[in-house]
Every structure is written in C-alpha cells, then in structure tokens.
Amino acid sequence: MTCKSNADLQIIVDEVRSFSEKGAVADYIPALAKVNKTDLSVAIYEKNNLCIYAGDYMRNFTLQSISKVLVLALALQDRGVDYVFDRVGMEPTGDPFNSISKLETSIPSKPLNPMINAGALAVTNMIKGESENERWERILQFVSCLANKPNVTYDVEVANSELETAWLNRALCYFMKQHKVVEGDIEELMITYTKQCAIEMNCFELARIGAVFALNGLDPETGERLIPIHIARICKTFMVTCGMYNASGEFAIKVGIPAKSGVSGGILGVVPEKYGIGIFGPSLDEKGNSMAGIKLLEILAERYNFSIF
Ligand SMILES: NC(=O)CC[C@H](N)C(=O)O
C-alpha cells in the first residue's frame, strides 16, 4: 500500500521540498532554466486510473532523458534485440550522461549503454521511417499510447533551444558516424532527438507510463499489450543499472526500483507489478537528478517497502 490519500502524499512532498534549495535547475539548455526551482509534484498510478497526487501535478514538463527509455522500447520493436545491441552496449558507466571519453576507448567502438546521450542518439537513429517526420510521428504515437494522451506534443522552445546549443551531442553523433554506429544525416537526427527530449506531459501521464512498465508492457486500463514483455524487461533492467546516470548504484541501494530521470527534473519510477510513479522537481544535484524527487522516492521506498532487492 502507498499513501491512502492525496493529503498523505502532500505531507511527504512538503517535508522534502526544502531539498530543492540546495540544487540548481539545468541551464545548459537555456529554455530549461525558466522554471521555479522549488516546484515539486508527484503522481502514483496504480491501475484503472487509480491515482494519488500531490503538488502541482497538472503542470507540464519536458521528458529529456526519460524519453531515452521510451525510444529504446520502440527501437527494440523496430529492429530487434540483436541489431540494437550490435550498435549500443549494455554496461553502466561511472561517467556523466554527456561524456564523450569512453566512446574512443571502448572496444568495439560503441556507446556503453542506451541511457547516456551517445547511446540514446544511436537508438533514435534506429527508429524506422522514410523521413525525419515519419520517424518523429512514430515516436509521438508510441508515447501517446503509453501515456494515453491522444495529442502528445513537444515544447518547441525547449527543442529549439537545445538544437541551437547541442554541440557536444553533435560531436558524439559525428564520432559515431565515423565508426558506423549511426548513419544518415546528423542534423536530422539532432532534430528528432531534441524533439523527443522536449516531449511534454504532466506527472499523472508520466506515472501512467510507469504503470505500463510495472505491468510488464500491459495497458493499465485495458490490459492491451503495448510493449512486448521481453522489451519491457530490458528497459526496466537499464533503468536499474543506468537510469539515474552515474548515481544509479546509490539510487539502487537507497530506493531500489527501476527509474529514469531527466535534466528537466522529471523522474519516471516503476514499482514492479504495482505502481508507476511520475515526479517533477527541477532543482538538480551535481549528477543531474532531481534533488527533492530523489528524497521523495527515498522516503516512499522506505515507508512502503518499494525495493525490488
Ligand atoms: N540528462 C538528460 O536529461 C539529457 C537530455 C538532454 N536533452 C541532453 O541531451 O543533453
């Protein structure tokens, strides 16, 4: 059981909000900096739209790196497991999410995993479609299905802001093109990637996506299969080993659930067989994870025994 009411959950949110003050909002994508640092909202989705909320849970935010796990699920369906993992590894890294260093030293020369920027860019490059627009529409449609939000949109200002400043991500792409990990036009890939990172939704919709993973790929309302079971399992495993960047080990000990964070301050959490969790708290720690969001999950995990270990 989790908190029985919104009021229970709100008490915990109020308890951890002060942790936001110690962190900082991401500003390397200039448009991301336009948020209130102490915002904090959460939704816990059980099934059949049974959900409890706290904070400003209707507020939209962009998925950023959370999109990596969703696009991975689509790429694995498009290309199959062997194709994807011929080009992207399965190992966690102690390096920051945007690090370039291991690309040169890894043998074979491929990104260590799909949750760091290099790996995610390579995965976005695998999405099937005849044009940038067709690939993008397929990503949007897939995310719409998971969130049960017919018209998922993206924040154009955030996407453009990243597109105008993402020199390091471009460098990762060109390096990978040299090593045949990615193919095609790099600017087109950057457009799709920055749009996917700028997909926007609120905590409730994110929590619903978490519930799909919690149910091993089944729609929590209709029971329809949205993600093949073996792919849902691969995604959850990456969330455990790499989902919180180079803080994944500590998070596994302190919280112990599959989760994926983004520099917008979002966290997607999955309590297997039980709940999906969506959190938004834009003040980040030095590794790029939501400070108050992590604290909130630590408290919930302890109180309600979330850990899978
Ligand atoms: N950690 C993140 O959320 C990073 C996503 C961001 N769009 C980037 O590529 O830098």
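Residues numbered from 1 in each chain as written. Predicted model: local features only at pLDDT ≥ 70, side-chain atom pairs only at ≥ 80, totals over all residues. Heavy atoms only, no water.

## Points about the site of the ligand
Part 1 of the argument: Among the 13 residues in the neighbourhood of the ligand, the closest are listed as Tyr28, Gln64, Ser65, Tyr193 and Tyr245.
Part 2 of the argument: Within the side chain of Gln64, one N or O atom sits 2.7 Å away from a nitrogen atom of the ligand.
Part 3 of the argument: The contact in question runs from an oxygen atom of the ligand to an N or O atom on the side chain of Ser65, over 2.7 Å.
Part 4 of the argument: Alone, the ligand offers 300 Å² of accessible surface; in the complex the protein occludes 99% of this.
Part 5 of the argument: Tallied by class, the residues present in the shell around the ligand amount to 7 nonpolar, 5 polar and 1 charged. (Near = heavy atom within 4 Å. Polar contact = N/O pair within 3.5 Å; in protein donor to acceptor, adjacent residues only side chain to side chain. Areas by Shrake-Rupley, 256 points an atom, 1.4 Å probe, with all protein chains shown as cover. Nonpolar A, V, L, I, M, F, W, Y, C, P; charged D, E, K, R; others polar.)

## Describing the packing of helix H5 (residues 117-124) against helix H9 (residues 186-197)
Each pair of packed helices gets described by two things: the angle between the helix axes and the distance between those axes.
Part 1 of the argument: Look at H5 against H9: their axes get within 10 Å of each other, and the N-to-C directions meet at 110°. Comparing their axes, H9 and H5 come out roughly perpendicular. Residue-level inspection shows Asn117, Ala120, Leu121 and Thr124 of H5 in contact with H9, the latter providing Leu189, Met190, Thr192, Tyr193 and Gln196.
Part 2 of the argument: A class-by-class count of the residues in the contact of H5 with H9 yields 5 nonpolar, 4 polar and no charged. (Axes fitted to C-alpha atoms, helices over the stretch in contact; angles between N-to-C directions. Helix = DSSP H or I, 4+ residues; strand = E, 2+ residues; numbered from the N terminus. Parallel < 35°, antiparallel > 145°, perpendicular 65-115°, else oblique. Contact = heavy atoms within 4.5 Å.)

## Looking at the packing of aromatic side chains
Part 1 of the argument: Applying the stated criterion across every chain, the model contains 9 aromatic pairs.
Part 2 of the argument: Summarising the aromatic geometry, the rings of Phe85 and Phe238 are spaced 5.8 Å apart at their centres and angled 35° between planes, so their arrangement reads as tilted. One end of the pair, Phe85, is in helix H3 (residues 81-87); the other, Phe238, is in helix H11 (residues 229-242), and 153 residues separate them in sequence. Of the two residues, Phe85 and Phe238, neither departs from the other in class, the shared state being buried. (Phe/Tyr/Trp six-rings, centres within 6.5 Å; stacked < 30°, edge-to-face > 60°. Buried < 20%, exposed > 50% of the residue type's maximum accessible area, 1.4 Å probe, protein only.)

## Some words on the domain arrangement of the chain
Part 1 of the argument: When the domains of the chain are assigned, the result is domain 1 (6-64 + 201-304) and domain 2 (67-197).
Part 2 of the argument: Placing a centre on the C-alpha atoms of domain 1 and another on those of domain 2 gives a separation of 21 Å.
Part 3 of the argument: Looking at the side of domain 1 facing domain 2, the largest losses of area belong to Gln64, Phe238 and Asn246, adding up to 20% of the total buried there.
Part 4 of the argument: Where Lys34 meets Glu157, a salt bridge forms, and the shortest distance between an N and an O atom there is 2.4 Å.
Part 5 of the argument: Taken together, the links from domain 1 to domain 2 amount to 9 residue pairs in polar contact (both at pLDDT 80 or more).
Part 6 of the argument: Sorting the residues of the side of domain 1 that touches domain 2 by element identifies helix H10 (203-214) and H11 as the ones contributing at least two each.
Part 7 of the argument: Considering every element that reaches the side of domain 1 that touches domain 2, the biggest residue donor is H11, with 8 residues.
Part 8 of the argument: Residues belonging to the side of domain 1 that touches domain 2 are distributed by class as follows: 22 nonpolar, 6 polar and 6 charged. (Domains from an automatic or database assignment. Buried area = accessible area lost by both parts, 1.4 Å probe. Salt bridge = Lys/Arg side-chain N within 4 Å of Asp/Glu carboxyl O.)

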